[in-house]
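A structural walkthrough
Residue-level listing of the chains:
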Amino acid sequence: MAATARGSVGEIRAADVEAAGLAAADAAAFLAALRSAAGEDGGDAAAAWAAVVAAGVLRPDHPHALHQLVYYSVYAGWDRAGRGPPPYWFPSPIDCKQTNLGRVMEENGPKLLGASYKDPVSSFRLFHKFSVHNQEVYWKIVLKELSIKFVREPTSILDASDKSKKGGTWFPGAVLNIAECCLLPWPSQNKTDDSTAIVWRDEGFDDYPVNRMSLKELRTQVMTVANALDTMFQKGDRIAIDMPMTCNAVIVYLAIILGGFVVVGIADSFAPQEIGTRMRVAKAKAIFTQDFIIRGGKKFPLYSRVMEGTSAKAIVIPATGDLLGVTPRNGDMSWKDFLSRSAGRSSMYSPVYQSADALINILFSSGTTGEPKAIPWTQLCPIRCGADTWGHLDVRPKDIGCWPTNLGWVMGPIQLFSSFLNGATLALYHGSPLGRGFCKFVQDARVSVLGSVPSLVKSWKAGNLTEGLDWTKIRVLATTGEASDIDDNLWLSSRTCYKPIVECCGGTELASSYIQGSLLQPQAFGAFSGASMSTGFVILDEQGNPYPDDLPCSGEVGLFPLYFGATNRLLNADHDKVYFDGMPIYRGRQLRRHGDIIQRTVGGYYIVQGRADDTMNLGGIKTSSVEIERVCNGADEGLLETAAVGIKPSGGGPEQLAILAVLKDRSAPYDANILKGKFQRAIQKNLNPLFRVSYVKVVPEFPRTASNKLLRRVLRDQLKQELANRSKL
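Residues numbered from 1 in each chain as written. Predicted model: local features only at pLDDT ≥ 70, side-chain atom pairs only at ≥ 80, totals over all residues. Heavy atoms only, no water.

1. Concerning the domain arrangement of the protein
If you check the domain split of the protein, you get domain 1 (9-78), domain 2 (94-169), domain 3 (170-598) and domain 4 (614-728). Distance between the C-alpha centres of domain 1 and domain 3: 39 Å. If you look at the interface, domain 1 gives ten residues, while domain 3 gives eleven residues. A buried area of about 910 Å², summed over both sides, lies between domain 1 and domain 3, and 63% of it is on carbon and sulfur atoms. It is Pro 60, His 64 and Tyr 71 in domain 1 that bury the most area against domain 3; as a group they hold 54% of the surface buried on that side. Between domain 1 and domain 3 we count zero salt bridges in total. (Domains from an automatic or database assignment. Contact = heavy atoms within 4.5 Å. Buried area = accessible area lost by both parts, 1.4 Å probe. Salt bridge = Lys/Arg side-chain N within 4 Å of Asp/Glu carboxyl O.)

2. Things to note about unusual backbone geometry
Phi at Lys 283 is positive, roughly 60°, even though this residue is not glycine. The residue Lys 283 is located in the loop between helix H12 (272-282) and strand E10 (286-290) in this model. When its relative accessible area of 60% is taken as the criterion, Lys 283 is described as exposed. Its identity is not glycine, yet Asp 394 carries a phi of approximately 60°, on the positive side. In this structure, Asp 394 sits in the loop between helix H15 (380-391) and strand E18 (400-402). (Helix = DSSP H or I, 4+ residues; strand = E, 2+ residues; numbered from the N terminus. Buried < 20%, exposed > 50% of the residue type's maximum accessible area, 1.4 Å probe, protein only.)

3. As for the pattern of salt bridges
With the rule as written, the count across this model stands at 28 salt bridges. A salt bridge links Arg 103 to Glu 145, with the shortest nitrogen-to-oxygen separation between them at 2.9 Å. Residue Arg 103 is found in helix H6 (residues 100-113), and its partner Glu 145 is found in the loop between helix H8 (135-143) and strand E2 (150-152); the two are separated by 42 residues along the sequence. Residue classification places Arg 103 among the partly exposed positions, given a relative accessible area of 28%. With a shortest N-O distance of 3.1 Å, Lys 285 and Asp 237 are connected by a salt bridge.

4. Description of empty space enclosed by the protein
In the structure shown here, the tally under the stated rule is two cavities of 30 Å³ or more. There is about 90 Å³ of room inside the largest cavity. Along its surface, the largest cavity is lined by 15 residues, and Val 395, Gly 401, Gln 415, Ser 419 and Val 449 are the ones closest to its centre. Around the second largest cavity, the lining residues are Thr 99, Asn 100, Leu 101, Trp 390, Gly 391, Asp 394, Ser 518, Leu 519 and Leu 520. For the lining of the second largest cavity, the elements supplying multiple residues, two or more each, are H6 and H15. Grouping the amino acids of the lining of the second largest cavity by side-chain chemistry returns four nonpolar, four polar and one charged. A domain-level breakdown of the lining of the second largest cavity finds at least three residues from each of domain 2 (94-169) and domain 3 (170-598). (1 Å grid on protein atoms, 1.4 Å probe; cavity = no way out; pocket = protein on both sides within 12 Å on 5 of 7 lines; lining within 4 Å. Points joined across faces, edges and corners; volume = space filled by probe spheres on them. Nonpolar A, V, L, I, M, F, W, Y, C, P; charged D, E, K, R; others polar.)

5. Section: the packing of helix H10 (residues 215-230) against helix H11 (residues 247-258)
With their axes 8 Å apart at the nearest point, H10 and H11 run at an angle of 60° to one another. The pairing of H10 with H11 is recorded here as oblique in orientation. Our pair here, H10 against H11, has a crossing hand that is right-handed. On H11, the residues that touch Leu 218, Gln 221, Val 222, Met 223, Val 225, Ala 226 and Leu 229 of H10 are Ile 251, Val 252, Leu 254, Ala 255, Ile 256 and Leu 258. Along the lines of polarity and charge, the residues of the contact of H10 with H11 split into twelve nonpolar, one polar and no charged. (Axes fitted to C-alpha atoms, helices over the stretch in contact; angles between N-to-C directions. Parallel < 35°, antiparallel > 145°, perpendicular 65-115°, else oblique. Left-handed = near helix turned anticlockwise from the far one by under 90°.)

6. Concerning the pairing of strand E27 (residues 553-559)
Of all seven residues making up E27, five are buried, and the element is well covered by its neighbours. By the bridge criterion, six bridges tie E27 to strand E30 (residues 592-600) in an arrangement that is antiparallel. Following the sheet pairing, Leu 559 is matched in E30 by Arg 592. (Pairing = 2+ DSSP bridges.)

7. With respect to the nonpolar core
The nonpolar side chains of a soluble globular protein tend to be buried, and buried together. In terms of nonpolar packing, the biggest core is built from 161 residues, with Phe 171, Ile 198 and Trp 460 touching the most fellow members. If you tally residues by element for this core, the top one is H11, at eleven residues. When near neighbours in sequence (up to four residues on either side) are disregarded, Ile 198 contacts Asn 211, Arg 212, Met 213, Leu 218, Cys 247, Val 250, Phe 420, Thr 425, Leu 426 and Leu 428. Grouped together as the second largest cluster of nonpolar side chains are 22 residues, Met 279, Ile 362, Phe 364 and Trp 409 included. (Core = buried A, V, L, I, M, F, W, Y, C linked by side-chain atoms within 4.5 Å.)

8. Details of the sheet that holds strand E6 (residues 196-202)
Taken together, nine strands build an open sheet; the order of strands is E7-E6-E19-E18-E20-E21-E22-E23-E25 and the sheet is mixed. Strand pairing shows two members of the sheet lacking a second neighbour, strand E7 (211-214) and strand E25 (530-531), which therefore form its edges. Bridge count for strand E21 (residues 476-479) against strand E22 (residues 501-507) is three bridges, and the pairing is parallel. Counted as the bridge partner of Thr 479 is Glu 503 from E22. Against the sheet, H11 engages E6, E7 and strand E19 (425-430), with an angle of about 130° to E19.

9. Here we look at the sheet that holds strand E34 (residues 639-647)
Spatially, three strands are ordered E34-E35-E36 in an open sheet, and the strand pairing comes out mixed. A single partner strand is all that each edge strand has here, and the edge strands are E34 and strand E36 (693-698). The mean angle between the axes of side-by-side strands here comes to 20°, regardless of whether they run parallel or antiparallel. Of the pairings in the sheet, the one linking E34 to strand E35 (residues 656-663) comprises eight bridges and is antiparallel in character. Its bridge partner lying in E35, Val 645 is registered against Ala 658. Sheet strands in contact with helix H21 (residues 625-632) are E34 and E35, and its direction is about 145° off that of E34. Relative to E36, helix H22 (residues 672-686) is tilted by about 130°, and along the sheet it contacts E34, E35 and E36.

See the structure below:
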């Protein structure tokens with residue numbers, strides 16, 4: 001990692017290049033090309049890095065150690081405290097005008113911003129501010145870009161006159177069916193019946209051509225399922241999906257909404273009790289599932305978990321082939337028998353049109369205590385999904401988008417609607433995303449927009465799973481879920497010739513990300529470049545007062561409440577209590593709570609520092625777990641990841657810092673005291689010399705939610721109990 005870096009590019013020698021894995025015969029030529037591109041005069045590091053990337057000096061097939069050597073050497077003298085995170089990607093003055101947002105800005109900027117408008121890059125912040133304060137204008141522009149068919153147009157974009165409705169009323173009077181919008185040809189996007197709607201591959205068939213489904217084929221299959229649903233259920237019934245995100249899962253999802261029913265999303269990783277809880281809370285009448293889940297060549301039972309969790313009717317789909325690998329219980333039904341119910345009915349289907357605020361999908365928070373929050377999605381939520389990926393990930397017609405996820409988590413519906421409403425192709429891998437088979441699918445399907453979560457990237461990197469594969473068709477990368485590791489993202493971006501990684505952070509209840517990267521702003525690894533389009537927020541100090549918008553600071557985020565796509569109710573909790581109670585009034589409206597602690601850096605980047613309950617007070621200084629973990633992760637090469645928690649001594653006194661660690665080689669010997677010393681030195685050097693590490697423990701793995709979020713609270717409770725028991729001895 002950074003330890004291999006030199007003080008500057010000019011100090012790199014041929015021996016360093018060879019030590020980083022390049023053959024001796026190639027080292028001299030590489031070094032000459034590097035110095036020619038970057039220069040040796042100690043000029044601006046950002047300009048040097050941009051020149052190295054533009055010249056193609058570093059290639060995806062080069063060893064990661066070589067990319068590390070160059071990147072960390074270029075930025076060795078970078079003043080992070082004075083300049084903020086170092087950028088690795090820069091928008092092109094020419095290409096920026098071809099992006100979705102840049103094109104719209106070129107068309108509308110002079111009219112909306114007047115003489116202040118210059119170009120998409122230099123005027124981006126100005127246009128973003130305009131989108132926040134002129135929602136009516138912004139959303140009218142965006143609606144024209146998405147394939148949205150209104151049966152009845154909205155009377156306005158936003159009615160904010162009733163202050164009791166904290167989030168306002170969006171699209172009053174509008175009537176549509178959002179699933180139909182996904183299934184129709186759309187001339188402005190060159191989306192025809194023959195366009196490819198889905199590409200997919202089954203695990204184990206990695207050397208076979210990818211499968212393709214046209215828009216017409218998708219629509220036909222969705223209508224078949226909708227017809228069958230009509231023979232069994234009443235309009236408005238809630239029907240669950242608990243299975244991997246396969247073609248059949250997507251077809252069922254769209255059919256439920258097309259037919260005027262409500263999807264209940266349940267992640268396929270849940271235990272029977274969790275399945276039962278979600279079925280009960282959502283009042284689901286039935287559930288679609290699979291007999292098994294195929295992962296890494298192994299079969300894992302799913303239907304048996306569903307049977308144990310709920311007595312509701314189950315429709316069981318075979319994981320492979322046409323025959324079920326299980327015998328359905330009385331009252332349940334095979335996929336084949338279910339589809340046969342549509343026989344004799346018209347092959348066409350009339351969508352059920354509803355108001356824009358009609359319920360279409362119930363999703364659940366990934367909470368671990370008490371009952372999970374049941375979060376209702378309306379027809380507004382998919383429009384927000386499509387708009388965010390249109391504006392920030394630059395998803396365009398003919399793009400091929402892949403994001404391994406599940407319809408039980410928010411990213412499943414986001415990925416589905418983002419693809420279809422933008423005229424793009426949805427890419428699905430029926431198997432584990434952790435293996436080389438998935439990485440090869442990304443190549444073979446010619447994926448152009450690839451999403452991930454940090455743990456996935458870490459796995460791909462650790463196994464070097466892209467070796468020999470071509471990921472250069474990827475145009476945009478994205479990541480969400482947890483805080484990204486800078487070196488992991490360096491590896492990921494380098495596989496694609498340094499394409500941008502758009503960091504995304506939001507929530508199920510927002511149907512979007514409130515902060516994201518943008519292709520119209522320079523991007524830095526592990527950082528967000530600003531609020532999402534039309535989103536406004538402030539950062540609050542400990543007294544609840546907002547910091548000035550241009551001041552580097554850290555605190556809890558407060559969202560502007562007029563947030564298109566955000567919830568205005570919960571099905572099993574008090575919405576106002578969860579999201580508004582106790583939040584300050586700002587410019588006449590109460591701010592919306594999200595619960596993140598974020599840092600605005602010098603240079604205007606944002607770094608999520610964890611949840612409000614993941615902060616700790618060390619010696620009177622408030623800091624976040626994520627901030628400490630960023631430093632500790634690089635303290636020893638044998639570390640896979642760390643978790644920092646604050647422990648309050650049972651007898652009172654200052655909060656103490658405990659670091660838990662997972663090793664790459666779990667069988668390797670270790671000395672906790674040596675690790676403690678390394679953590680202490682890293683924190684003193686890179687964070688704060690006043691922080692003291694009180695306790696270090698190595699564990700085999702960390703507890704996580706099913707959506708992969710680290711459960712620091714569980715670690716904190718376990719450690720507190722362990723230390724309490726020890727004190728009794």
